[in-house]
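# Breakdown of the fold
Residue-level listing of the chains:
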Amino acid sequence: MSNFQQDNVALMCDISELVSLFDFEAGLDGFLAKVVSTVAWHMRAAVCSIYLYESKTRELVLRANQGLNPALVGHLRLKLGEGITGTALKEMRAICEANATDHPAYKHIPGSNEEAYLSFLAVPIQRKMNPVGVIVVQDPQWNYFNPNDVQALRVISSQLAAVIENAHLLLRLHGGADSADSALGHDLFPGDPGFEVGTHCIRGQGAAGRMAMGLSTRIGQYLSQNPADHLCPLGLTEADFDRAIQLTERQLMDLQARLEDKLQDAASMIFGAHVLMLKDDAFSGEIRQNIRSGVSPWNAILNQVRHYSNLFGQSSNPALREKVLDVEDLGHRLLYNLATPSFDNASPDYTGQIIIAEEFLPSDILKLAAEGAAGLVLLGGGQYSHVAILANALQVPLVIVSDRRLLNLPENTPLLLDGKEGQVVIRPGPDAIKTMQEIIRALVDSERLADEVLPVTRTRDNVEVQLMANLNLVTELDVALRVKANGIGLYRTEFPFIVRNTFPTEEEQYHGYRSVLQRMDGRPVVFRTLDIGGDKALSYFPVGHENNPFLGLRALRFTLRNPEIFKQQLRALFRAAAGHPEAKVMFPMVASLDEFMGARDLAYQCCDELAREGIVHRLPALGLMVELPAAVMIADELAAAADFLSIGSNDLIQYMLAADRTNDEVAAWYSPHHPAVLRALQRIVTVAEQADKSVSICGNLGADPSMLPFLLGIGLRVFSLDPMQIPAVQRRIAEIDLTRARAFATKLLGLGRISDIADAIPSFDRPE
Ligand code: PEP
Ligand code: MG
């Protein structure tokens, strides 16, 4: 047995130190060399290696090693799935073998002297949805590594992932001389003669993620000013068109497979829809006809795409109007592939780019994340929009700006984004780079904090508080578990619906819900029924034009109007809840007792039907979201009827103050500091207490450090938040004394002006 169990704390400290001392002069390879020797030393392992993944060749390259033949560094390459190392990355799981040669994927590397090492432990390094590499330790002793070793190497791999990604960004900024760029296929500044240091900073709203660096690309305007125009070679033939079609199809299938691998709940057919269009004779057949009649392939594609996007754009059917983006996206890909003379199977688009658009659909966010976009800039929109929520779920930095000059930015302009502070830096200079370095160091520290979260959160005076996670996509469960969330306080079940092209069946839903419960292993999970409408449309189920979608057929209104859809979801939920007393279900946007009771009656009906059909099920606790002013006014009656309440502050603020949460122009009016908001919150908590019903907050307000004293002061003890915010919120709560918080809440509730409340909030942290 290794000594790693005793020594792993020391190892992690050493790695953390290395991370914080990352030396940009020594480059990534210098850093990795230090990591392998530190890991090997602490683990008393004979060999430690780090392989990094090259997206262009889809191969792993040995980048640092201690113990094997040094001549292999930089030369040894493994395909995804090749050997135990390639398998660990392909299947994104740690592989620990007592005797490596017993593993079916074992591959002998000639000249490596590996045969002497029996024990083999490989842990994938992964960042967001993307493979980064693999760290491997080996030792001559049989069965040398134990589960603690696996766990500790996982922690290290997650720290390494952040450093490697950030190092790439910074090394590129330092002049792009790092060989990592070519090794990873990220040629970030390809022949950009205009890269001069002339920094401009545009301020907007930080909506998701943190830092990103990349070259600008504008989407949604391919046809007027195609980024590939300048690439168009002359003399293209029908054979070139055929080649472009085949390549496009291969890329789309590849992207589809990647999405399905990573986002099981999304199981999206986004790229599948593009393949169908590509194969449609009315689309590609007509292009071919035109090529045969003498039109150049380039113009034939361009004309056809323009024709279709005009056709769809003029449709009164919103689902068809949404297809404009699909057609343009497909057209862009086809033109790119037509114009690119040599190619491989890799997708040319978006890797390492910052995408600027006037609109993103939720499916765009998924697609762009799968295609490796580094960050997103949205013109218009608000930070509480669901597009922002999705970008956050996928950890893709998103900044929302209103400065339309960004639309005229030349393609491939270097940009730096800060998705938290809401900044877009154009052609970042040395100062911006330095700031970014500091932020990245702090981020690496905060990643470490995620592993240091305590299982129980307490206030300074020792009162326990529940910190639950909000879940949009099942992918986020990993983060929720890592930060020891006490449960899932809000599962926005509509996201898996939104990112598909058809309704999931009852069976598919049942399996999805059950797997969330199983993974949360007895901790509470609150499933919110579909919140469709507002800014979350189903492209495959148009509801017709609405002048004010947020005041339209949204959430419970939508499901009550479409009982078949609603009942299918309820049946799936109740089947999944069998044997899981910790499962709860809540209804969004309840405006009246009548609506809640209508939904509850449907729930009872579903249970009766399931019982008649002999299907195992359980009626879970049924709660509701308080997110309309009407619900606040009748909160006492609602609290009496429901099993529990949850405050949806994102909507509550928008509806109380008539300030669209997605509209950047009215962001100043969307104020949690409004006395009406504070008093509404207090009223909801008080009536829930009086009715002896539990109450939580699941809107973003619950994670606002400056508002936590107030929220605790009015009696909230259950918070559901973006899991990434749990470490910081736990630390903040530990600083808050409840006696002071109560007095502070009373003081704020007595103020009548927004500005007075805003001014008083920081006083909680001032010494008395
Ligand atoms: C809310 O409105 O606060 C909420 C949590 O729900 P959503 O953001 O999904 O509308
Ligand atoms: Mg809401």
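Structure: above.
Read on for a plain summary of the structure. Nothing here was measured: the structure is a model prediction, and the numbers come from that model. (Residues numbered from 1 in each chain as written. Chains lettered and ligands numbered in written order. Predicted model: local features only at pLDDT ≥ 70, side-chain atom pairs only at ≥ 80, totals over all residues. Heavy atoms only, no water.)

## Some words on the coordination of the magnesium ion (ligand 2)
Protein coordination of the magnesium ion (ligand 2) is provided by E627 (OE) and D651 (OD), with donor distances spanning 2.0 to 2.1 Å. Of this pair, E627 sits in the loop between β20 (621-626) and α20 (629-633) while D651 sits in helix α22 (residues 649-657), and the two are 24 residues apart along the sequence. Here the two residues E627 and D651 agree in accessibility, since each one is buried. (Donors = N, O, S within 2.8 Å, 3.2 Å for Na, K, Ca; no water. Helix = DSSP H or I, 4+ residues; strand = E, 2+ residues; numbered from the N terminus. Buried < 20%, exposed > 50% of the residue type's maximum accessible area, 1.4 Å probe, protein only.)

## Some points on the nonpolar core
One finds F360, L398, L570, F587, F710 and F719 to be the most contacted residues of the largest nonpolar core, which totals 156 residues. The element contributing the most residues to this core is helix α18 (residues 563-577), with eight residues. Filtering out sequence-adjacent residues up to four positions away, F360 remains in contact with I219, I355, I365, L368, L376, V377, L378, V387 and L398. Membership of the second largest hydrophobic core comes to 29 residues, among which are V35, C48, V123 and V150. (Core = buried A, V, L, I, M, F, W, Y, C linked by side-chain atoms within 4.5 Å. Contact = heavy atoms within 4.5 Å.)

## Looking at the sheet that holds strand β13 (residues 414-418)
Reading across the sheet, the eight strands line up as β7-β14-β13-β9-β10-β11-β12-β8 and stay open at both edges, with mixed pairing between neighbours. Single-partner strands in this sheet number two, and they are β7 (200-203) and β8 (205-208). Between one strand axis and the next, the sheet turns through 30° on average, direction left out of account. Relative to strand β10 (residues 353-357), strand β9 (residues 211-218) runs parallel, the two sharing four bridges. Bridge pairing links T217 to I355 in β10. (Pairing = 2+ DSSP bridges. Axes fitted to C-alpha atoms, helices over the stretch in contact; angles between N-to-C directions.)

## Structural notes on the site of ligand 1
For ligand 1, the set of nearby residues contains 17 residues, the closest of which are R492, R528, G648, N650 and R661. Within the side chain of E627, one N or O atom sits 3.0 Å away from an oxygen atom of ligand 1. For ligand 1, an oxygen atom lies 3.4 Å from a polar atom in the backbone of G648. Relative to its unbound accessible area of 290 Å², ligand 1 is 100% covered by the protein chains. Looking at the shell around ligand 1, the elements with two or more residues in it are α12 (386-393), β17 (488-492) and α22. Here the shell around ligand 1 takes three residues from α22, the largest share from any one element. (Near = heavy atom within 4 Å. Polar contact = N/O pair within 3.5 Å; in protein donor to acceptor, adjacent residues only side chain to side chain. Areas by Shrake-Rupley, 256 points an atom, 1.4 Å probe, with all protein chains shown as cover.)

## Quick word on the packing of α18 against helix α19 (residues 593-612)
A pair of packed helices is characterised by two quantities: the angle between their axes and the separation of those axes. Two elements in contact, α18 and α19, have axes separated by 9 Å at closest approach and are oriented at 60°. Between α18 and α19, the angle is such that the two are oblique. For the pair α18 and α19, the sense of crossing is right-handed. In this structure, α18 contributes P563, F566, K567, L570, R571, F574 and R575 to the contact, and α19 contributes A599, L602, A603, Q605, C606, C607, E609 and L610. (Parallel < 35°, antiparallel > 145°, perpendicular 65-115°, else oblique. Left-handed = near helix turned anticlockwise from the far one by under 90°.)

Purely geometric stuff here, so don't read any function into it on its own.
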